[in-house]
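Coordinate inspection notes
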Amino acid sequence: MSLLIKNGTIISAVNEYKADILIEGEKVTAIGTGLDQSAQETIDAAGKYIFPGGVDEHVHYGSFGSIDFSTTNAALVGGTTTVVDFAPQPKGLSIKESVAKQNETAQGASSSDYSFHGMVMDPTDELDEEILTLPEAGISTLKFFMAYKGSPFMVHDDVIFKALQVAKKVGVTVMVHAENGEIVDLLQKQLVQEGKTDPIYHAVSRPPLVEAEATQRAIYLSQIAASPILIVHVTCKESMELVRDAYAKSLPVYGETCTHYLTLTEDNLAKPDFEGAKYVCSPPIRTQEHLDALWEAVSKGWLLAVGSDHCANVGGFEGAKRKGMGDFRRIPNGCPGAQDRLALLWTYGVEKGKISRQKFVDVFATAPAKIVGLFPQKGQIEVGSDADIVIFDPNYKGVISVKDSLHGSDYNAFEGMEQIGRPEKVFLRGKLMVENSKFVGQKGQGKYIKTKPYGLCYADFK
Ligand code: URP
Ligand code: ZN
Ligand code: ZN
């Protein structure tokens with residue numbers, strides 16, 4: 001199959017230019033003005049922007065009680081062609097076995113392409129040895145949780161520290177969920193004892209400084225181990241500044257944020273009739289001053305990427321979140337968001353003048369691909385790259401709604417928010433998957449793509 005996309009404006013992470021794109025099979029084979037190669041199909045993309053399919057390097061399909069990979073067609077409708085899932089580690093399984101187990105749930109189910117981060121939940125004596133062999137198995141990123149005390153997720157600092165020491169030997173990127181789990185647990189107990197059980201107290205129990213304290217600790221661990229670190233879902237000004245200042249001191253310290261931290265405020269958690277539960281995720285959404293600081297950080301490159309932290313609880317609001325009525329600690333964490341990442345970044349970032357179109361492409365596709373070790377196969381439009389392509393109509397105007405959401409949940413955390421622009425066509429490895437926001441592909445065609453070590457967090461690491 002060959003396809004010629006003519007007359008569009010290609011946006012990359014560094015520039016934009018008018019050119020034609022030739023796709024043969026699954027790859028981009030030529031880019032240039034006035035390409036006259038014959039192709040089986042030609043599309044006129046005049047007036048449209050063309051950018052690489054999104055890489056969402058922060059999603060949960062199946063862990064934390066979330067809906068599985070069968071709903072990744074939602075990501076495609078939202079212009080994301082590759083998702084990177086966190087594979088939970090069941091007790092007794094190695095990281096490689098855990099990824100293989102999670103892959104069983106994705107194979108034949110995922111519509112988008114996909115990769116995995118390891119997630120350390122059962123740190124055994126064998127972990128350090130195993131880290132050395134992860135890259136050859138196609139696993140190049142590992143997440144550690146400093147939070148969720150009392151669950152299988154939280155690990156102690158020594159586990160993270162030892163992993164940092166080993167990971168740098170083979171280019172594995174250590175990712176950290178930075179919140180002080182001990183203090184969150186204590187604050188939660190105190191609040192519940194005082195009868196403060198509504199969803200808003202989820203945020204009260206996890207204030208910005210609880211995140212900043214853990215962020216600083218993680219940065220110190222990385223500094224002592226002399227090893228790169230990526231702080232995931234940075235939500236507040238204080239943590240962002242710690243990441244920014246560490247990097248400015250030439251430390252290999254990097255950060256990611258997520259779309260809901262850029263677009264939703266804490267006011268949502270205070271909505272009446274338990275509606276606030278829809279927005280419970282960790283770390284929590286914050287106040288406007290933090291949103292403003294995060295946008296600045298994204299624009300200036302102090303935070304590298306914007307994931308969705310997609311985590312659509314099985315049962316949604318009515319069947320899952322409502323179970324936490326009377327005790328916010330029982331509200332399952334996470335919000336669906338993979339479908340809306342592009343719309344939110346474009347509408348509230350590009351259209352509001354907070355980020356350039358190039359920065360949008362960078363945080364949406366290019367930098368995430370570099371962080372996880374998928375670049376240059378994913379995250380850019382170049383000869384030889386996978387033909388993962390979004391043809392974007394900047395003139396569309398609409399409203400985000402659960403009615404159009406394919407994530408399988410019964411609500412959308414961004415319900416009613418204005419949307420400017422939308423993917424008109426989305427191609428995954430040359431195949432048309434989306435047309436005018438409708439999924440037209442065959443479900444389950446996504447491929448598992450192994451990641452390579454020495455991702456972006458190793459760029460300046462000597
Ligand atoms: O609330 C969230 N973010 N759920 C997913 C788990 C995590 O910490 O990323
Ligand atoms: Zn996390
Ligand atoms: Zn997450």
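Structure: see above.
Below is a summary of the structure that appears in this document. (Residues numbered from 1 in each chain as written. Chains lettered and ligands numbered in written order. Predicted model: local features only at pLDDT ≥ 70, side-chain atom pairs only at ≥ 80, totals over all residues. Heavy atoms only, no water.)

Donor atoms from the polypeptide that coordinate the zinc ion (ligand 3) comprise H58 (NE2), H60 (NE2) and D309 (OD), at 2.0 to 2.1 Å from the metal. For the zinc ion (ligand 3), the four donor atoms in the first shell make angles of 91 to 127 degrees at the metal, so the coordination geometry reads as tetrahedral. When the donor residues of the zinc ion (ligand 3) are listed from N- to C-terminus, their spacing reads H-x1-H-x248-D. In this structure, the zinc ion (ligand 3) lies 4.0 Å away from the zinc ion (ligand 2). (Donors = N, O, S within 2.8 Å, 3.2 Å for Na, K, Ca; no water. Tetrahedral: all angles 85-135°; square planar, octahedral: opposite > 155°, others 65-115°.)

The next point concerns the side chain of S140. Counting through the fold element by element, S140 comes out in the loop between helix 3 (127–133) and strand 9 (141–145). Its relative accessible area of 1% is what places S140 among the buried residues. Among the polar contacts listed, one links the side chain of S140 to the backbone oxygen of K452, at a separation of 3.3 Å. (Helix = DSSP H or I, 4+ residues; strand = E, 2+ residues; numbered from the N terminus. Buried < 20%, exposed > 50% of the residue type's maximum accessible area, 1.4 Å probe, protein only. Polar contact = N/O pair within 3.5 Å; in protein donor to acceptor, adjacent residues only side chain to side chain.)

Here we come to helix 10 (residues 288–300). Over its 13 residues, helix 10 extends 18 Å from the first C-alpha to the last, a length consistent with the 18 Å expected when each residue adds 1.5 Å. Among the residues making up helix 10, those that are buried are H290, L291, A293, L294, W295, A297 and V298. Looking at the residues trailing helix 10, positive phi occurs at G301, about 85 degrees. (Expected span 1.5 Å × (residues − 1).)

Within the element layout of this structure, E351 appears in the loop between helix 12 (341–350) and helix 13 (357–372). We classify E351 as partly exposed; its relative accessible area is 38%. Sequence separation between E351 and L428 is 77 residues, and the spatial gap between their C-alpha atoms is 26 Å. Setting aside its immediate chain neighbours within four residues, E351 contacts W346 and I420. (Contact = heavy atoms within 4.5 Å.)

Another aspect to go through is the nonpolar core. The biggest cluster of nonpolar side chains holds 94 residues, and the ones touching the most others in it are F51, I131, F144, I160, L345, W346 and F360. The contact partners of L345, leaving out residues within four places of it in the chain, are T259, L262, W295, V306, V350, I355, F360, V363 and F364. If you look at the next biggest cluster of nonpolar residues, it comprises 21 residues, including V84, F86, Y148 and L304. (Core = buried A, V, L, I, M, F, W, Y, C linked by side-chain atoms within 4.5 Å.)

In terms of burial, strand 10 (residues 173–177) is largely enclosed, as five of its five residues are buried. Of the two faces of strand 10, the one carrying T173, M175 and H177 and the one carrying V174 and V176 are both buried. Relative to strand 10, strand 9 runs parallel, the two sharing five bridges. Looking at the pairing, K143 lines up with M175 of strand 10. Judged from the three bridges that link them, strand 10 and strand 11 (residues 229–231) form a sheet pairing that is parallel. Along strand 11, the bridge assignment pairs V176 with I231. (Pairing = 2+ DSSP bridges.)

Each neighbour pair has its own omega, and for S282 with P283 the value is -10 degrees, a cis peptide bond. With respect to the helices and strands, P283 occurs in the loop between helix 9 (259–263) and helix 10. Cis rather than trans, the peptide bond between F375 and P376 has omega equal to 5 degrees. Considering the arrangement of structural elements, one finds P376 in the loop between helix 13 and strand 14 (389–399). With phi around 50 degrees, D309 is a residue other than glycine that occupies positive phi space. For D309, the position within the fold is in the loop between strand 13 (305–307) and helix 11 (316–320).

Any functional reading would require information that these geometric values do not contain.
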